[in-house]
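Close look at the chain arrangement
Listed below, chain by chain, are the residues.
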Amino acid sequence: ASSFGGRGRCATSQPERRFFLRREVEMRDLVADQEERPFCLESAARALGGSTIVYLQPGMRGLTEDRYHELISLSTIPLPESAEEITESSASRIEQLELKEFYNRKGHQTVRCLCQSLSGRYDSDDKFVPGTIRVFFRGTDTFGNVLADGKIVRVPHPPKRGTPLVDQPTVHRGFLKAWIEDELKEQVVDFVFKHAEKLQSDAEQAAADDTENPESILVDISGHSLGGAVSVLAAYDIAVALKDIGTDLSESPKIRLYTFGCPRVGNAFFVKDFNCVVPHCWNVINSNDVVPAVPHATPLIKKTWKRHGRSVIIEEDGTMTVDPSIEMKRARERRVLKLGSSATSHETGSYRKSLRAVLEKEGLLDPDDPANAKIIEIDSRLEKLGSVITESRADPSRSIHVLPGAT
């Protein structure tokens, strides 16, 4: 029997032993590195915009391609620090390289993924700022149907590793099927990999002409509800696919994951692996949202479900708790599981309301402070996005199909 993990179990192959040893080292490094990945309200606001926009689909009545891309730009295009940031002497403006949609239409829960690639640019100091890839996920329905579909069963997370019932990483079967079926995984990973290579090449070319190496390109991934659960699995696979892209001139792409109203996805062993592979992950949880409390870790199964990444709890009065204590998280779950009305706090509209209250309470929407210019602009875009949703729901001849989660 092997002593890895401090428990007796069947003998393990040499490659698997190396995996467990590397995982333990990476976990120690992760703990030391946590402070370098703080929760960012600006990033959260932008991610929430993308997680909302992915619920909107062009219809057949008058929604032009230009109008649709305008809606996309409300939440995803990075904003310059100031109007003068991108100058004529620097290489030009931010350019969208490609915007693609991918679907998993198998079963009754269609999953949609929106992928966007944005080129690198030079700032006002002629310093190259690498490009960004943004990936947003959603499911087509309210989460009630997902919870009722009878698939709250765990299966081994691919590639299968570890020993069953001892230390094998397992994940929710329904979420895994939503990610891997209908070639969704292959299409999304291929898109990200192709554009990451292009953006990385641009960054390395810039680095060859500069004494300072540029920052890594960024892959932003986010999703709400079922989309959040799928984004967790996607972030893991994308991070693994991109880990060897870096060179001496530039680091490997950095993965950043923000989820909203995301349920638990896997067991403790999956979470341990996930936190190594995707250390920059934040779960934003509305205080009265019931969905992040499921699958519920009751005393009988407390070792079988665990939350990935780190958590932030936000409330309608603007209160925000970063990295809440175990006692606070358990108290929140006990409360929301008893509140039948808490399901209304799951929608993205409620998240936008709570996040805006946090921004106000933190003083980030004060127009007299020049440092707030960017976050105020993002907030304005979110407000405009909310207006589009409200108007679309009120107009019986609307050309935008708004799914329930975006209310």
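What you see is a predicted model; the values in this text were computed from it and never measured.

Conventions and cut-offs
- Residues numbered from 1 in each chain as written.
- Predicted model: local features only at pLDDT ≥ 70, side-chain atom pairs only at ≥ 80, totals over all residues.
- Heavy atoms only, no water.
- Core = buried A, V, L, I, M, F, W, Y, C linked by side-chain atoms within 4.5 Å.
- Buried < 20%, exposed > 50% of the residue type's maximum accessible area, 1.4 Å probe, protein only.
- Helix = DSSP H or I, 4+ residues; strand = E, 2+ residues; numbered from the N terminus.
- Disulfide = S-S within 2.5 Å.
- Phe/Tyr/Trp six-rings, centres within 6.5 Å; stacked < 30°, edge-to-face > 60°.
- Salt bridge = Lys/Arg side-chain N within 4 Å of Asp/Glu carboxyl O.
- Patch = residues over 30% accessible without salt bridge, like charges linked within 9 Å, V, L, I, M, F, W, Y side chains within 5 Å.
- Areas by Shrake-Rupley, 256 points an atom, 1.4 Å probe, with all protein chains shown as cover.
- Lys, Arg positive; Asp, Glu negative; His and termini not counted.
- Charge placed at Lys NZ, Arg CZ, Asp CG, Glu CD.
- pLDDT = per-residue confidence, 0-100.
- Contact = heavy atoms within 4.5 Å.

What follows concerns the nonpolar core. The biggest cluster of nonpolar side chains holds 43 residues, and the ones touching the most others in it are Phe137, Val188 and Ile238. At the level of secondary structure, the elements contributing two or more residues to this core comprise strand 3 (111-118), strand 6 (132-139), helix 5 (173-180), helix 6 (184-208), strand 9 (218-224), helix 7 (226-242), strand 10 (254-260) and helix 8 (268-277). The dominant element in this core, judged by the number of residues it contributes, is helix 7, at 11 residues. In terms of nonpolar packing, the next biggest core, distinct from the first, is built from 20 residues, Ala47, Tyr258, Tyr351 and Leu359 among them.

A covalent bond between the sulfur atoms of two cysteines is referred to as a disulfide. Following the criterion strictly, the structure yields 0 disulfides and no others. In this structure Cys113 is not part of a disulfide, and its nearest cysteine sulfur, from Cys115, lies 3.6 Å away. Not part of a disulfide, Cys262 finds its nearest cysteine sulfur in Cys281, a span of 7.8 Å.

The subject of this paragraph is the packing of aromatic side chains. Going through the model one piece at a time under the given rule, you end up with 7 aromatic pairs. Ring centres of Phe39 and Trp282 lie 5.4 Å apart, and the angle between their planes is 70°; on these two criteria the pair is classed as edge-to-face. Residue Phe39 is located in the loop between helix 1 (14-33) and helix 2 (41-53), and its partner Trp282 is located in strand 11 (residues 281-286); the two are separated by 243 residues in the primary sequence. Of the two residues, Phe39 and Trp282, neither departs from the other in class, the shared state being buried.

Moving on, we get to the pattern of salt bridges. A complete count under the given rule lists 15 salt bridges for this structure. Between Arg112 and Glu101 there is a salt bridge, and its shortest N-O distance comes to 2.5 Å. Placement of the pair is Arg112 in strand 3 and Glu101 in strand 2 (residues 96-104), with a sequence separation of 11 residues. Taking the relative accessible area as the measure of exposure, Glu101 reaches 31% and is therefore partly exposed. The shortest N-O distance in the salt bridge between Arg264 and Glu333 comes to 2.4 Å. Taken together, the residues Arg264 in the loop between strand 10 and helix 8 and Glu333 in helix 9 (residues 326-336) connect sequence positions 69 residues apart. Accessibility expressed as a relative area gives 8% for Arg264, which makes it buried.

Turning our eyes to something else, we now look at a negative patch on the surface. On the surface, Asp182, Glu183, Glu186 and Asp190 cluster together into a negatively charged patch. In this fold, Glu183 is placed in the loop between helix 5 and helix 6. By relative accessible area, Glu183 is classed as exposed at 54%.

On average, residues of the chain score 77 in pLDDT, and 68% of them reach the 70 mark or higher. Throughout residues 1-35 the model reports pLDDT below 50, and contacts reaching past four residues in sequence, or to other chains, amount to 35 contacts. Note on residues 77-93: pLDDT under 50 across the span, and 34 contacts to partners over four residues away in sequence or across chains.

Along the chain, Pro158 connects to Pro159 via a cis peptide bond; the corresponding omega equals -5°. The residue Pro159 is located in the loop between strand 7 (154-156) and strand 8 (170-172) in this model. For the peptide bond that leads from Val294 to Pro295, omega is -15°, which places it in the cis range. With a phi close to 65°, Ser225 is a non-glycine residue in the positive phi region. Phi is positive for Asp323, which is not a glycine, with a value near 50°. Looking at the secondary structure, you find Asp323 in the loop between strand 13 (320-322) and helix 9. For Asp323, a relative accessible area of 38% gives the class partly exposed.

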